[in-house]
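# Residue-level structural notes
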Amino acid sequence: MGAKRYKYAILFRTIFVFRGFVYNEFIQKEDIIHIFLKRKRKTATCPNCGRRTNLTTEYYKRTVKDLNIGILECYITFHQNKVHCKCGFRGHEKLSFVRPYSRCTIRYEQFVFSLCPKMSLSDVSSITNLDWKTIKEIDIHYTMEMIVPLRDLNPKSIGIDEIAYEKGHKYLTIVRNADLNEVIWIGIDRKENTLDGFFNELGVEKSSKIKLAVMDMWDPYIASVKNHCLNAEIIFDKFHVVKAVNKALDDVRKKEFAKADEEQRIDMKRKRFVILRRKKNLSPNQIETLDDMMRENDTLYRAYLLKEHIADIFDEEDESESLRRFNDWKQNVIDTGLKPFLGCLKTITNYFYGIENYFKHKITNAGSEGINTKINIIKRRAYGRAYGYSDLNYFMLKIYQACGVVR
Ligand SMILES: [Zn+2]
């Protein structure tokens, strides 16, 4: 036993550094190893002032989980003493390797935390042998330490977006730093005062330094930005505009569909996707299908050209050329007289200032696509009702963890 114990002592000193303690004894039972620590000095650190201070005779015995040793699950047992410090503090001493009331060492918690962004709480639980509530508490604690708060950020361009977090029109407003594509703020709902919350937190001075705001044609956001960012140019996301035009095209298709006979209907249904997709992304076969369809239906053909035309204009690099072609497009819409497109044109005309700014700056909310993908993964993992709980704050924290600004 003596030699074996000596070997473990060396192992312990090199790998297991628990400041203020030395290795005393271990017990191994099947696949669990239990290590007992012994205090080195008669003083301890005060958690309030950081001074070394005398111990009292009161202590409590703690056993916490530590990193596995090979295939052995490892637990550490030690005495945590109470101190009476000159600063007036009375309570438990500060230890460098474990947080108060935690069931694991800090390095085990950090291991647990390293798994949390990658998998669900139940997956982490099956790896670490901890219950999901403990894991969630660890995840929250270390994520909070990692997130850079809004007061330390200076965004110059922002992207504003909404995501549905639950069925029944429940939304979050997500604000990104559009230059770095990082989530810098999340608010519950998508009202004007939701976004006001962001600007209030950011402060008047920093809000006035925002130069660009990319967003959808959503009036509550527009109002909030106009009230708070006096120097910002508003840009409407081109995907949002193209989406509106696609919808007009689909409305035309539906009208033509209603007029068609049974055989034509089956055909139109089958070919729906080729008219909504950009022509440049179609295969030669699909282009043939498209051409057939267009030959058969003149109205649909004209609607289709309007859709392709606008998408081309948004791809145009030159600002004045974009504007010139855009005016052509407007005239074409009026000439064709297709009602869904006239409705769409009205919207676009009302919000034209933000489209003009798009032609000038060519910034889109494309970055939010990647973020939305990440958020959907989190939603499935961490926010599912599979756990029998739902915690919006935790969900928001997980978004910051995956897409926010972290140290
Ligand atoms: Zn003290």
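Residues numbered from 1 in each chain as written. Predicted model: local features only at pLDDT ≥ 70, side-chain atom pairs only at ≥ 80, totals over all residues. Heavy atoms only, no water.

### Here's the deal with the overall build of the protein
Regarding its fold elements, the protein presents 17 helices and 11 strands. A compact globule built from 407 residues would reach a C-alpha radius of gyration of about 22 Å, whereas the protein, at 31 Å, exceeds it by more than 25%. For the protein, the spread of C-alpha atoms along the principal axes amounts to about 95 × 50 × 35 Å. In the protein, the share of contacts with a sequence separation of at least 24, taken over all contacts with a separation of at least 6, comes to 56%. (Helix = DSSP H or I, 4+ residues; strand = E, 2+ residues; numbered from the N terminus. Rg over C-alpha atoms; globule rule 2.2 N^0.38 Å. Contact = heavy atoms within 4.5 Å.)

### A short note on the coordination of the zinc ion
With distances of 2.2 to 2.3 Å, the protein atoms coordinating the zinc ion are Cys46 (SG), Cys49 (SG), Cys85 (SG) and Cys87 (SG). Here the zinc ion binds 4 donor atoms, and the angle range of 104 to 118 degrees at the metal identifies the geometry as tetrahedral. Mapping the donors of the zinc ion onto the primary sequence yields the spacing C-x2-C-x35-C-x1-C. Of this pair, Cys49 sits in the loop between strand 3 (43–45) and strand 4 (52–69) while Cys85 sits in the loop between strand 5 (72–84) and strand 6 (90–92), placing them 36 residues apart in sequence. On the basis of relative accessible area, Cys49 is assigned to the partly exposed category, the value being 36%. The exposure class of Cys85 is buried, given its relative accessible area of 11%. (Donors = N, O, S within 2.8 Å, 3.2 Å for Na, K, Ca; no water. Tetrahedral: all angles 85-135°; square planar, octahedral: opposite > 155°, others 65-115°. Buried < 20%, exposed > 50% of the residue type's maximum accessible area, 1.4 Å probe, protein only.)

### Points about the environment of Ile334
Tracing the backbone through its elements, the reader meets Ile334 in helix 13 (residues 319–336). The class of Ile334 is partly exposed, set by a relative accessible area of 48%. It is 49 Å that separates the C-alpha atoms of Ile334 and Arg381, two residues lying 47 residues apart in sequence. Residue contacts for Ile334: discarding those within four places in its chain leaves Leu342 and Leu345.

### Digging into the sheet that holds strand 9 (residues 182–188)
Ordered by their spatial adjacency, 5 strands build an open sheet running 9-8-7-10-11, and the pairing between neighbours is mixed. A single partner strand is all that each edge strand has here, and the edge strands are strand 9 and strand 11 (233–236). Between one strand and the next, the sheet's axes are offset by a mean angle of 25 degrees, whatever the strand orientation. Direction of pairing for strand 8 (residues 170–177) relative to strand 9: antiparallel, over a ladder of 6 bridges. Bridging from a neighbouring strand, Asn177 pairs with Glu182 of strand 9. Sitting on the sheet, helix 15 (residues 352–361) touches strand 10 (212–215) and strand 11, and the angle it makes with strand 11 is about 90 degrees. (Pairing = 2+ DSSP bridges. Axes fitted to C-alpha atoms, helices over the stretch in contact; angles between N-to-C directions.)

### So, the pairing of strand 5
As defined by bridge partners, strand 2 (residues 32–39) adjoins strand 5 across 5 bridges and the pair is classed as parallel. Bridging from a neighbouring strand, Ile33 pairs with Cys74 of strand 5. Here 10 bridges tie strand 4 to strand 5, and the two strands are oriented antiparallel to one another. Each residue of the ladder has a partner; that of Arg62, found in strand 5, is Phe78. Taken together, strand 4 and the strand that follows it, strand 5, pair antiparallel across an intervening segment of 2 residues, in which Gly70 is found at a positive phi of about 60 degrees.

### Structural notes on the pairing of strand 7 (residues 157–166)
For strand 7, the buried fraction is high: 7 of the 10 residues fall into the buried class. Judged from the 3 bridges that link them, strand 7 and strand 10 form a sheet pairing that is parallel. Opposite Gly159, over in strand 10, you have Val214 as the bridge partner. Judged from the 8 bridges that link them, strand 7 and strand 8 form a sheet pairing that is antiparallel. Bridge pairing links Gly159 to Arg176 in strand 8. Between the end of strand 7 and the start of strand 8, which pair antiparallel, lie 3 residues, with Gly168 showing a positive phi angle near 90 degrees.

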